[in-house]
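Tertiary structure, described
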Amino acid sequence: MSASVTDFVATEARFGAHNYEPIGVVLSRGEGVWVWDTEDNRYLDCLSAYSAVNQGHCHPKILAAMVEQAHRLTLTSRAFHNDQLAPFYEEIAALTGSHKVLPMNSGAEAVESAIKSVRKWGYEVKGVPDGQAEIIVCANNFHGRTLGIVGFSTDPGTRTHFGPFAPGFRIIPFGDAAALEAAITPNTVAFLVEPIQGEAGVIIPPSGYFTEVRELCTANNVMLVLDEIQTGLGRTGKLLAEQHEGIEADVTLLGKALSGGFYPVSAVLSNNDVLGTLRPGQHGSTFGGNPLACAVARAAMRVLVDEGMIENAARQGARFLDGLRDIRANTIREVRGRGLMLAVELHPEAGRARRYCEALQGKGILAKDTHEHTIRIAPPLVITTDHVDWALERFAAILTQDFS
Ligand SMILES: *Cc1c(COP(=O)(O)O)cnc(C)c1O
């Protein structure tokens, strides 16, 4: 008994909260860069679950690690030690050059944990008067959906009717170091920022911005918190996007691809001071640091490095970007990207990006629109030259049409 696409869609609409507007495809299987729908149509995944499946769908080594660990031990809580947490700490610290690690589950939880930690650091190390800590964030940010986070969003849809919100955040334009300098006060504890604004439409800051940001944060004893939940783990062609800027954050947030898409795993990585302020009982999570999550994350990090996915992202990303830039279509306003984090911004007159994504679906490509006029392209990092060329042909065919 096989339900049809319309059955699945209708049942979701009937029972589910309507907080998403998915493209009309019902997926049932994935392997590498490909996913298949319930009717066995194959698609090249150009979203990768918002960069959570950088390692490709159902990577066999991550799968094996998950199944093996699931047979042995899945959850202990942090009331006891488990034999996966210590090696996870060692391996993620070695990979990223971090001193301390706080394991959580979702990306938003990592962001919330970082906010709590930098505030505590501000009071106990920097000497900010209690209750006065300020955190600077950027306009058009995306850091997740919890109450603390949506309170400093600038997107009306994200915020409206969810208040009242927590105070203590200042919003400045992204890519503007002078605005950061002007916003810093003696009570500023941190600057929380994405290296590239993903949800905002793959917005890359001007070159030199992060060098100035780093200098300003250091000079003012402000913790630089980089949200690398989307940009991290190879997506931009480096392990961390900060490496393109030649800087190091004080606090780095990872999530999404930290599990290769198998399981929610996130982490706050920091210097000794920030996470060093947390004492027993002051922060926690039942599932954070559980042995299944740790085993999955260890395998997900290992394959990323061992299989050369980061270098591949740099190589294929450059090819994809060049190919997109070569498409001569008057629908295109701008093509942007770094590594395999790419976007095509359409002219407003070309019509909504969603129409182009639906047309791409008809050609065997799944991509996602963002902000009305931008098509975001982020395939798994295991994509090959043949896949890229195959995709480019289809993008060219669709982008030269006009859906206005
Ligand atoms: C996805 C994302 C988050 C939130 O992660 P969730 O796992 O959905 O809570 C935070 N920051 C950035 C930059 C993201 O892309």
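Sequence order as written defines residue numbering, which begins from 1 separately in each chain. Local features in a predicted model are, by the rule used here, given only for residues with pLDDT of at least 70; side-chain atom pairs are given and counted only at 80 or more, and totals for whole chains, interfaces and linings are based on all residues. Where side-chain values are given, they derive from all heavy atoms of the structure, hydrogens and water being excluded.

1. Here's the deal with the packing of aromatic side chains
Between rings of Phe, Tyr and Trp, where Trp is taken as its six-membered ring, a pair exists when centres lie within 6.5 Å; planes separated by under 30 degrees are stacked, by over 60 edge-to-face, and by other angles tilted. By the definition in use, this model includes 6 aromatic pairs. A centroid spacing of 6.0 Å and a plane angle of 70 degrees characterise the contact between Phe 320 and Phe 395, whose relative ring orientation is edge-to-face. Taken together, the residues span a long stretch of sequence, with Phe 320 in helix H13 (residues 309-326) and Phe 395 in helix H15 (residues 385-399) at a distance of 75 residues. Here Phe 320 matches Phe 395 in class, with each residue buried. Taken together, the ring pairs connect Phe 174, Tyr 209 and Phe 210 into an aromatic cluster. Starting at the N terminus, helices and strands are each numbered in turn, a helix being any DSSP run of H or I of at least four residues and a strand any DSSP run of E of at least two. We call a residue buried when its accessible area falls under 20% of the maximum for its residue type, exposed when it is over 50%, and partly exposed in between, using a 1.4 Å probe and counting protein chains only.

2. As for the UniProt feature "modified residue: N6-(pyridoxal phosphate)lysine" (unreviewed entry) in the chain
UniProt positions are given in the numbering used here, feature names are shortened, and annotations may be inferred rather than shown by experiment. When the UniProt feature table is mapped onto this chain, "modified residue: N6-(pyridoxal phosphate)lysine" (unreviewed entry) is found at Lys 256. Tracing the backbone through its elements, the reader meets Lys 256 in the loop between strand E9 (251-254) and strand E10 (266-270). Note on Lys 256: relative accessible area 27%, which makes it partly exposed. Throughout, a contact is declared for two residues whenever any of their heavy atoms are within 4.5 Å. Not counting residues within four places of it along the chain, the set of residues in contact with Lys 256 comprises Tyr 50, Ser 51, Ala 52, Ile 229, Gln 230, Gly 261 and Val 265.

3. Some points on the pairing of strand E15 (residues 374-377)
A two-sided burial pattern is seen for E15, the buried positions comprising Thr 374 and Arg 376 on one face and Ile 375 and Ile 377 on the other. Bridging between strand E12 (residues 341-346) and E15 involves 4 bridges; their strand directions are antiparallel. Bridging from a neighbouring strand, Val 344 pairs with Ile 375 of E15. Here a strand pair is declared whenever DSSP counts at least two bridges between the two strands. Alignment of strand E14 (residues 368-370) against E15, held across 3 bridges, turns out to be antiparallel. Directly across from Lys 368, in E15, lies its bridge partner Arg 376.

4. Section: the site of the ligand
Every residue close to the ligand is listed here: Ser 106, Gly 107, Ala 108, Phe 142, His 143, Gly 144, Glu 194, Asp 227, Ile 229, Gln 230 and Lys 256. At 3.5 Å, a backbone N or O of Phe 142 approaches a nitrogen atom of the ligand. One nitrogen or oxygen atom from the side chain of Gln 230 is found 2.8 Å from an oxygen atom belonging to the ligand. Reported accessibility uses the Shrake-Rupley method at a 1.4 Å probe radius. Residues are deemed covered only where the shown protein chains occlude them. Out of a free accessible area of 380 Å², the ligand has 80% covered by protein chains. When residues are sorted by character, Ala, Val, Leu, Ile, Met, Phe, Trp, Tyr, Cys and Pro go into the nonpolar class, Asp, Glu, Lys and Arg into the charged class, and all the rest, Gly among them, into the polar class. Of the residues assigned to the shell around the ligand, the class counts are 3 nonpolar, 5 polar and 3 charged. Here a residue is near a molecule or strand as soon as one of its heavy atoms is found within 4 Å of it. In protein, a polar contact requires one atom able to donate a hydrogen and another able to accept it; more generally it is a pair of N or O atoms within 3.5 Å, and residues adjacent in sequence count only if both atoms are side-chain atoms.

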